[in-house]
Amino acid sequence: MKRVNKIILILLLAGSSLSVLQAQKGLAIKKVFDTYGKSEDAVMVEMSLDILQGYDFALFKSITITDNEAAAELARKCIAIDEKDARKVKQVVANGVPTSVYLQLPPRDNYYRLILYNHTRKPESVLTLIYIESETDSEDLLKFILKKK
Amino acid sequence: MRLKFRSKIEIGELERLIDRYYEGLTTVEEEKQLYKLLTHPDVKNGYEAERAMLGYFRQKNTRPQLISIPVLRKVAVVAIVVMSGIAALQLLTPDMNATSYAYVNGIRITDPGRVKTYAKVSLGSLTNSEDLVTKSLEDVSSRQMIENQLDIFAETE
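All values reported here derive from a predicted model rather than from experimental measurement.

Draft legend 1. Expanded view of the overall build of chain B. A tally of regular secondary structure across chain B gives 7 helices and 2 strands. The N-to-C order of helical and strand elements in chain B reads α-α-α-α-α-β-β-α-α. Within chain B, the proportion of its 157 residues that are buried is 20%. Here the analysis covers contacts within chain B between residues at least 6 apart in sequence; of these, 31% occur between residues at least 24 apart. For chain B, the computed accessible surface area is about 11,900 Å², with 59% contributed by carbon and sulfur atoms.

Set out below in structure tokens:
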């Protein structure tokens, strides 16, 4: 009986873990994705290795939220928390409010991790938050991303 | 059927069946009944010869450990419910396990081409911040800006 119970427990855990697994686990910005990812004013993207072959990313996750000051405030608060563990921080502040932030986090599981945040207010308020995991060094990765423009 | 051997009537029944067995008069049904009575846990002592004759000793010693049917049934029900739940989840949300996806205004998209497009759009917005930094640096180094600031002092003179 004990063996049967164990098998059932493993099945249940395996099923539930599928929906629980999150790559940005342990980061405060996860809350932004969880809270606003499926809302009507947002576009959330998650790409992993299945369609990132040929790219320098191992994981790409982004969220773009339009006209939502509460979301922007939450994002800024979360970034401020994640910033504490960051190896490198670059940010642009306008009127005392960060409008662009680049956080280089310490590597985890051999992956470099980046958080990119941008908030433009004109012509409309658009917040973009991006989380990237890559085997490529963060600096090179950022250059690669910005070169893509 | 649960048997009780506390009454003399049931012991008497056992004795009667044994007698009939030795006389070769037992029917198939009576031998089944005799089997049940001899193997009952309450009949501990005596009747070894009869048990040996019917081969019950060996059966008792090598008796496999059985899982009771109600427990087995419960386990089966739980397993079926769990498996059905997982199967239903797979059927109702066929793309839930897709590791790459996009949510656009709450609607899930799993088409790789469209997902990539939305990813590129979000990356595109980052260029604004780079432009802003570049522009700020240009402003700082701009001779025009310095001249403008000096002009302010010039006006005060």
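Draft legend 2. Up close: the confidence of the model for chain B. Averaged over all residues, the pLDDT of chain B equals 72, while 62% of them reach at least 70. The weakest mean pLDDT in chain B belongs to helix α4 (residues 56–61) of chain B at 54; the strongest belongs to strand β1 (residues 101–104) of chain B at 89.

Draft legend 3. A look at the side chain of Ser100(B). Topologically, Ser100(B) is positioned in the loop between α5 (69–92) and β1. Of the polar contacts made by the side chain of Ser100(B), one reaches the backbone nitrogen of Ser48(A); its length is 2.9 Å. Not counting residues within four places of it along the chain, the set of residues in contact with Ser100(B) comprises Glu46(A), Met47(A), Ser48(A), Asp50(A), Ile51(A) and Thr110(B).

Draft legend 4. Quick peek at helix α4 (residues 69–83) of chain A. All names here are of chain A. The end-to-end C-alpha distance of α4, which contains 15 residues, comes to 21 Å, matching closely the 21 Å that a straight helix rising 1.5 Å per residue would cover. Those residues of α4 that fall on the buried side of the exposure criterion are Ala71, Ala72, Leu74, Ala75, Cys78, Ile79 and Asp82. For α4, the buried positions fall inside an angular range of 160 degrees around the axis, keeping them on one side. Against the buried residues of α4 lie α2 (30–36), β2 (57–66), β4 (97–108), β5 (111–120) and β6 (126–134). Capping of α4 at its N-terminal end is provided by Asn68; its side-chain oxygen lies 3.3 Å from the backbone amide nitrogen of Ala70.

What counts as what
Residues numbered from 1 in each chain as written. Chains lettered and ligands numbered in written order. Predicted model: local features only at pLDDT ≥ 70, side-chain atom pairs only at ≥ 80, totals over all residues. Heavy atoms only, no water. Helix = DSSP H or I, 4+ residues; strand = E, 2+ residues; numbered from the N terminus. Buried < 20%, exposed > 50% of the residue type's maximum accessible area, 1.4 Å probe, protein only. Contact = heavy atoms within 4.5 Å. Areas by Shrake-Rupley, 256 points an atom, 1.4 Å probe, with all protein chains shown as cover. pLDDT = per-residue confidence, 0-100. Polar contact = N/O pair within 3.5 Å; in protein donor to acceptor, adjacent residues only side chain to side chain. Expected span 1.5 Å × (residues − 1). Arc of directions from axis to C-beta.

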